[in-house]
There are 2 protein chains.
Amino acid sequence: MLNVRNRLQAWQGRIESVLEDVLPPATTHPAVLHQALRYSVLDGGKRMRPLLVYATGEALGIAPEHLDIPAAAVELIHVYSLVHDDLPAMDDDDLRRGKPTCHKAFDEPTAILVGDALQALAFQVLAAHPRMTASPAQRLRMIELLGQAAGSRGMVGGQALDLAAVGETLTEVELENMHIHKTGALIRASVLLAAYSVEALDAQRLQQLDHFAKCIGLAFQVQDDILDVESDTQTLGKTRGADEAAGKPTYPSIIGLSASKTKLQDLYDEALDALVSFGESAHLLREIAEFTVKRIR
Amino acid sequence: MLNVRNRLQAWQGRIESVLEDVLPPATTHPAVLHQALRYSVLDGGKRMRPLLVYATGEALGIAPEHLDIPAAAVELIHVYSLVHDDLPAMDDDDLRRGKPTCHKAFDEPTAILVGDALQALAFQVLAAHPRMTASPAQRLRMIELLGQAAGSRGMVGGQALDLAAVGETLTEVELENMHIHKTGALIRASVLLAAYSVEALDAQRLQQLDHFAKCIGLAFQVQDDILDVESDTQTLGKTRGADEAAGKPTYPSIIGLSASKTKLQDLYDEALDALVSFGESAHLLREIAEFTVKRIR
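Definitions and limits used
- Residues numbered from 1 in each chain as written.
- Chains lettered and ligands numbered in written order.
- Predicted model: local features only at pLDDT ≥ 70, side-chain atom pairs only at ≥ 80, totals over all residues.
- Heavy atoms only, no water.
- UniProt positions renumbered as here; feature names shortened; annotations may be inferred.
- Helix = DSSP H or I, 4+ residues; strand = E, 2+ residues; numbered from the N terminus.
- Rg over C-alpha atoms; globule rule 2.2 N^0.38 Å.
- Buried < 20%, exposed > 50% of the residue type's maximum accessible area, 1.4 Å probe, protein only.
- Contact = heavy atoms within 4.5 Å.
- Salt bridge = Lys/Arg side-chain N within 4 Å of Asp/Glu carboxyl O.
- Polar contact = N/O pair within 3.5 Å; in protein donor to acceptor, adjacent residues only side chain to side chain.
- Nonpolar A, V, L, I, M, F, W, Y, C, P; charged D, E, K, R; others polar.
- Axes fitted to C-alpha atoms, helices over the stretch in contact; angles between N-to-C directions.
- Parallel < 35°, antiparallel > 145°, perpendicular 65-115°, else oblique.
- Least-squares fit on C-alpha atoms with pLDDT ≥ 70 in both.
- Phe/Tyr/Trp six-rings, centres within 6.5 Å; stacked < 30°, edge-to-face > 60°.
- Lys NZ or Arg CZ within 6 Å of the ring centre and 35° of its normal.
- Expected span 1.5 Å × (residues − 1).

An unreviewed UniProt entry lists chain A under the name (2E,6E)-farnesyl diphosphate synthase, with Thiothrix subterranea as the source organism. Listed in UniProt under the heading Cofactor (unreviewed entry), the comment for chain A reads: "Mg(2+)". On record in UniProt, under Sequence similarities (unreviewed entry), the comment for chain A is "Belongs to the FPP/GGPP synthase family."

Tell me about the overall build of chain A, and please be specific about residues and values.
Counting its regular elements, chain A contains 15 helices and two strands. A compact globule built from 297 residues would reach a C-alpha radius of gyration of about 19 Å, and chain A, at 18 Å, matches this within 12%. With the principal axes as the frame, chain A shows a C-alpha extent of 50 × 45 × 35 Å. When burial is assessed residue by residue, chain A has 58% of its 297 residues classed as buried.

Please provide a residue-by-residue account of the interface of chain A and chain B, values included.
You'll often see interface size given as the accessible area lost when the parts meet. Each partner contributes to the interface: chain A provides 43 residues, whereas chain B provides 43 residues. Linking chain A to chain B there are zero salt bridges. The tally of links between chain A and chain B comes to eight residue pairs in polar contact (both at pLDDT 80 or more). Going through the elements one at a time, helix 2 (31-41), helix 4 (68-85), helix 6 (108-128), helix 7 (136-150), helix 8 (155-165) and helix 9 (172-195) of chain A are the ones with two or more residues in the side of chain A that touches chain B. Counting residues per element, the side of chain A that touches chain B draws most heavily on helix 6 of chain A, at twelve residues. The residue inventory of the side of chain A that touches chain B, partitioned by class, reads 24 nonpolar, 14 polar and five charged.

Lay out the environment of Leu 146 of chain A with the relevant residues and their values.
Residues and elements named next belong to chain A. Locating Leu 146 in the fold gives a position in helix 7. With 134 residues separating them in the primary sequence, Leu 146 and Gln 12 have C-alpha atoms 21 Å apart. Not counting residues within four places of it along the chain, the set of residues in contact with Leu 146 comprises Ala 73, Val 74, Ile 77, Ala 122, Phe 123, Leu 126 and Leu 186.

Break down the packing of helix 7 (residues 136-150) of chain B against helix 9 (residues 172-195) of chain B for me, citing the residues and quoting the values.
Helices that pack against each other are described as a pair by the angle of their axes relative to one another and the distance between those axes. All names here are of chain B. Remark: helix 7 packs on helix 9, axes separated minimally by 9 Å, with the N-to-C direction vectors making an angle of 170°. The angle between helix 7 and helix 9 places the two elements in the roughly antiparallel class. Of the residues in helix 9, those in contact with Met 142, Leu 145, Leu 146 and Ala 149 of helix 7 are Ala 185, Leu 186, Ala 189, Leu 192 and Leu 193. Along the lines of polarity and charge, the residues of the contact of helix 7 with helix 9 split into nine nonpolar, no polar and no charged.

So what about the relation of the copies chain A and chain B? Which residues, and what values?
With an RMSD of 0.0 Å, the operation that places chain A on chain B is a rotation of 180° combined with a shift of 0.0 Å along the axis. What the superposition gives is, in effect, a two-fold axis relating one chain to the other. It is Pro 136 of chain A whose C-alpha, among those of chain A, lies nearest the rotation axis, at 2.9 Å. The residues that chain A uses at the interface reappear at the interface of chain B in 100% of cases, marking a shared surface.

Any chance you could break down the packing of aromatic side chains for me, citing the residues and the numbers?
With the rule as written, the count across this model stands at five aromatic pairs over all chains. Pairing Tyr 39 of chain B with Phe 106 of chain B gives two aromatic rings, centres 5.5 Å apart and planes at 70°, and the pair type is edge-to-face. Of the two residues, Tyr 39 of chain B sits in helix 2 (residues 31-41) while Phe 106 of chain B sits in the loop between helix 5 (102-105) and helix 6 (108-128), which places them 67 residues apart along the sequence. On the accessibility criterion, Tyr 39 of chain B (23% relative accessible area) is partly exposed. The ring of Tyr 39 of chain A carries the charged tip of Lys 99 of chain A above its face, separated from the ring centre by 4.3 Å. The positively charged end of Arg 295 of chain B is found above the aromatic ring belonging to Phe 220 of chain B, 3.9 Å away from the centroid.

Break down helix 6 of chain B for me, with residues and values.
Under the 1.5 Å per step criterion, the end-to-end length of helix 6 of chain B is 30 Å for 21 residues, consistent within 8% with the ideal 30 Å. Of all 21 residues in helix 6 of chain B, 19 are buried; the element is thus mostly enclosed.

Hey, could you go over the side chain of Asp 224 of chain B for me, with residue numbers and the actual values?
Tracing the backbone through its elements, the reader meets Asp 224 of chain B in helix 10 (residues 203-230). A polar contact of 3.2 Å, which involves the side chain of Asp 224 of chain B, links it to the side chain of Arg 295 of chain B.

Please set out helix 3 (residues 48-59) of chain B residue by residue, giving values where relevant.
All names here are of chain B. Look at helix 3: 16 Å from first C-alpha to last across twelve residues, which is about the 16 Å you get at 1.5 Å a residue. Of the positions making up helix 3, those classed as buried are Met 48, Arg 49, Pro 50, Leu 51, Leu 52, Val 53, Tyr 54, Ala 55, Thr 56, Gly 57 and Ala 59. Of the surrounding secondary structure, the elements contacted by the buried residues of helix 3 are helix 1 (4-22), helix 4 (68-85), helix 9, helix 10 and helix 15 (283-294). Gly 61 occupies a position one or two residues after helix 3 and carries a positive phi of about 75°.

Just give me the short version of the pattern of salt bridges, but keep the residues and values in it.
Residue and element names in this part refer to chain A. Scanning the model with the defined rule gives 40 salt bridges over all chains in all. Arg 47 is the salt-bridge partner of Glu 16, the closest N and O atoms lying 2.9 Å from each other. A residue pair is termed long-range when its members are at least 10 positions apart, and Glu 16 in helix 1 (residues 4-22) and Arg 47 in the loop between helix 2 and helix 3 (48-60) qualify at 31 residues. A residue is classified by how much of its surface remains accessible, and Arg 47, at 2% relative accessible area, is buried. Put simply, Arg 38 and Glu 20 hold a salt bridge, and the shortest N to O gap is 2.4 Å. Of this pair, Arg 38 sits in helix 2 while Glu 20 is found in helix 1, placing the two residues 18 residues apart along the sequence. Taking the relative accessible area as the measure of exposure, Arg 38 reaches 15% and is therefore buried. On the basis of relative accessibility, which here comes to 43%, the residue Glu 20 falls in the partly exposed class. Connected through salt bridges with shared partners, the residues Asp 85, Asp 91, Asp 162, Lys 182 and Lys 248 form a single ionic network.

Here is the structure:
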């Protein structure tokens with residue numbers, strides 16, 4: 001049997017091939033747009049959200065083949081948000097996942113359209129991809145969840161809060177609220193997409209998984225902020241110190257680096273606590289939590 | 001009984017109130033984003049796509065209350081595309097529907113996020129809005145249709161072709177191909193969303209409605225190009241001559257103004273022919289077709 005780290009890598013390979021499959025071929029008309037779609041999605045990223053979908057599935061006894069499309073859908077939403085977030089009018093980033101950002105490799109209009117097309121594709125595949133095995137009622141519940149998580153009261157709302165925060169002094173509560181929307185909503189959705197594949201999941205287990213997701217979503221962001229201070233551009237694959245330079249509030253800037261590290265550890269402990277009743281089946285969820293707080297990029 | 005023109009106006013009032021209802025209140029957190037969402041969607045536009053949904057419903061015996069959410073969903077997608085299309089990196093327009101464009105009234109990042117949030121909302125309401133009456137299977141079919149029509153092989157693909165065409169000399173076939181994607185896909189989707197509300201519509205009627213939609217979608221664009229040459233900024237509610245100034249190929253620039261007018265008439269005749277078997281029930285679809293070719297803005 002493969003060890004946990006190898007199993008996560010196997011899932012990364014799996015989602016890569018699923019994404020390859022759900023994206024239209026690069027020769028599809030108009031070709032430049034479809035090349036840009038594939039450039040932005042394929043061959044990059046930690047795939048944390050798809051890994052969460054698969055790992056939650058394992059904790060609930062659902063095989064990966066039933067989760068391929070939900071995993072792909074949440075990653076398509078995530079990638080679209082990165083492509084738009086990197087635009088000159090937003091964070092104006094040149095590097096993403098160690099490669100030129102979409103608007104640098106192609107151009108700005110193409111990057112806007114790539115984001116738009118990826119979002120449409122995410123909902124389309126949940127509704128009707130041949131690999132989708134969930135019942136119609138489950139699919140609708142997933143589409144509703146993803147729409148909420150991605151929309152103005154979820155991820156996009158968080159982006160708006162993020163932009164409004166530039167140059168402002170936020171309290172820790174305001175910073176947390178921003179992250180709960182900006183990254184937390186989609187990380188929670190990843191876990192819930194898998195949970196919604198179960199016909200009748202009891203409310204307590206759902207609540208435990210949801211709490212786990214909230215904790216690691218926030219932990220991910222705290223670690224991101226710490227890395228923005230402590231790492232270097234080459235390791236990160238994106239510009240180090242970019243948040244600080246842009247006048248964005250971060251955990252280290254608000255509560256200090258040491259308190260940020262304590263917060264990270266607390267969130268990690270709380271995430272693991274939420275999984276206690278799942279025993280061995282949550283092995284890979286725990287591995288993802290550990291990876292979240294110990295990653296170097 | 002109201003005459004046809006009054007009935008179209010009643011539907012315009014109806015969709016306004018549905019859109020008002022599906023959009024989060026302006027006080028929703030974050031407030032600026034939600035104000036910008038409502039600013040962009042409400043109180044503007046001809047609402048051609050919702051009118052097509054309702055009028056197709058009438059031709060098929062489906063009451064408007066069953067079509068409110070599909071009509072709202074297609075309009076949300078349309079408005080998002082306008083907001084992104086108006087961005088400085090795209091068409092860089094200052095006026096839309098007689099008001100400052102979203103990025104002028106708010107700012108560029110907000111306009112990007114408004115478009116993103118509207119798209120998510122469109123799919124979310126189709127999946128789960130309380131006013132949605134279609135069966136789960138019908139909803140999924142509608143979401144798939146709207147995803148295809150909005151995505152890289154539909155509207156967004158057409159936008160990419162449009163951008164690539166600036167300064168280029170296109171053939172009439174290439175121009176038509178661009179419009180079939182850019183505006184045609186969503187106009188077809190409007191008609192098909194209504195048709196998909198019928199449990200078992202026969203293939204011939206579906207094909208007739210689809211052909212009608214293709215003809216008026218293209219007619220709409222031909223008339224748009226004619227108006228860009230012949231109208232004035234105040235009447236249009238957007239900058240006259242903008243296409244020409246931007247070096248965009250138009251029907252008048254490729255086949256001449258006179259041939260463009262002939263083409264418009266031919267498409268109108270073909271659209272009406274496609275409705276013959278529907279008799280009186282297609283009265284309002286005919287009115288929309290007439291309005292499409294005779295409108296002055």
